[in-house]
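# Architecture at a glance
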Amino acid sequence: GNITMTGASANPWIDIDTDITSSTKDYDLYEKMPVIVKVFKNKTGYEVTSRRSGDKYTVELAQVDGKDQTKYGNNNSFAFNFEVHPAGVRLWKELKNNQAPKSFKWKITKETKGNSLAFREEVEAFDKGLNKAQVSTQKQEIDASSFYWNETFSGKAKDENDQEKDAQYPVKIDVDVLEQV
């Protein structure tokens, strides 16, 4: 039996490319992957859609340090870094010094069809010395398809012996939505 291979034209995303494929005034689009990603420009956040299941998650900034804020620009003490990869998005918050904001509230909206995408609730956070930065989280249900996700950094980190001490800056904190394999 002959095996027929379909060309790249049948599935343009089979040749995975994590670069921006197009841009509008509102977002950058990444679509040459198993997930389609929009990184917003007019607000801080992103949207991930699974090609496999049709699941969609939208992650949008709602507050910084208790103040309503949907867009937050990078500055001398703080930066948002989007890491787009074939299975989803990691949004790193980089706290460059102790003047950086410590508390973030996100609005998460999900449209699930096949439950292949998931919002990861265990925070990945570490300081300059790769000690585990202490971040407390709280989930507040809004309705069946959305919730608020609060993250608060204590300013502390735990070393490999589980000893708590002041964190060494910069501190990096992750929030992500990933395709479940």
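Presented here is a report on the structure given in the accompanying data block. (Residues numbered from 1 in each chain as written. Predicted model: local features only at pLDDT ≥ 70, side-chain atom pairs only at ≥ 80, totals over all residues. Heavy atoms only, no water.)

Looking now at the packing of aromatic side chains. Under the defined criterion, the tally for this structure stands at eleven aromatic pairs. The interplanar angle of 25° and the centroid separation of 5.4 Å between the aromatic rings of Phe78 and Phe104 together place this pair among those described as stacked. Of this pair, Phe78 sits in strand β7 (residues 78-85) while Phe104 sits in strand β9 (residues 103-111); the two residues are 26 residues apart in sequence, bridging distant segments of the chain. Summarising the burial analysis for this pair, Phe78 and Phe104 share the class buried. By the ring-pair criterion, three or more aromatic residues cluster together here, those being Tyr72, Phe78, Phe80, Phe104 and Trp106. One Lys or Arg, Lys43, reaches over the ring of Phe40 and ends 4.6 Å from the middle of that ring. (Phe/Tyr/Trp six-rings, centres within 6.5 Å; stacked < 30°, edge-to-face > 60°. Helix = DSSP H or I, 4+ residues; strand = E, 2+ residues; numbered from the N terminus. Buried < 20%, exposed > 50% of the residue type's maximum accessible area, 1.4 Å probe, protein only. Lys NZ or Arg CZ within 6 Å of the ring centre and 35° of its normal.)

Each neighbour pair has its own omega, and for Tyr169 with Pro170 the value is 0°, a cis peptide bond. Within the element layout of this structure, Pro170 appears in the loop between β14 (164-166) and β15 (171-179). For Asn115, which is not glycine, the phi torsion reads 55° and is therefore positive. Relative to the elements of secondary structure, Asn115 occurs in the loop between β9 and β10 (117-119).

Right, let's talk about the pattern of salt bridges for a bit. Tallied over the entire structure, the rule returns 15 salt bridges. Among the ionic pairs, Lys56 bridges to Glu111, the shortest N-O distance being 3.9 Å. Of the two residues, Lys56 is situated in strand β5 (residues 56-64) and Glu111 in strand β9; the sequence distance between them amounts to 55 residues. Of the residues examined, Glu111 reaches a relative accessible area of 40% and is grouped as partly exposed. For the salt bridge of Glu124 with Arg90, the shortest nitrogen-to-oxygen distance reads 2.3 Å. Note that Glu124 is positioned in strand β11 (residues 124-126) and Arg90 in strand β8 (residues 88-95), a separation of 34 residues in sequence. Classification of Glu124 by relative accessible area gives partly exposed; the value is 29%. (Salt bridge = Lys/Arg side-chain N within 4 Å of Asp/Glu carboxyl O.)

With respect to the helices and strands, Glu94 occurs in strand β8. The charged side chain of Glu94 is buried without a salt bridge, its nearest counter-charge being Lys172 at 4.8 Å. Among the polar contacts listed, one links the side chain of Glu94 to the side chain of Asn81, at a separation of 3.4 Å. (Lys, Arg positive; Asp, Glu negative; His and termini not counted. Polar contact = N/O pair within 3.5 Å; in protein donor to acceptor, adjacent residues only side chain to side chain.)

Further remarks concern the environment of Gly129. Turning to its location among the elements, Gly129 is positioned in the loop between β11 and β12 (132-143). In this structure the C-alpha to C-alpha distance between Gly129 and Val171, which are 42 residues apart in sequence, comes to 9.2 Å.

What follows concerns the pairing of β7. Looking at chain direction, β7 and β8 are connected through eight bridges and run antiparallel. The residue of β8 that forms the bridge with Phe82 is Leu91. Taking the residues between adjacent antiparallel strands as the criterion, β7 and β8 are bridged by two residues. (Pairing = 2+ DSSP bridges.)

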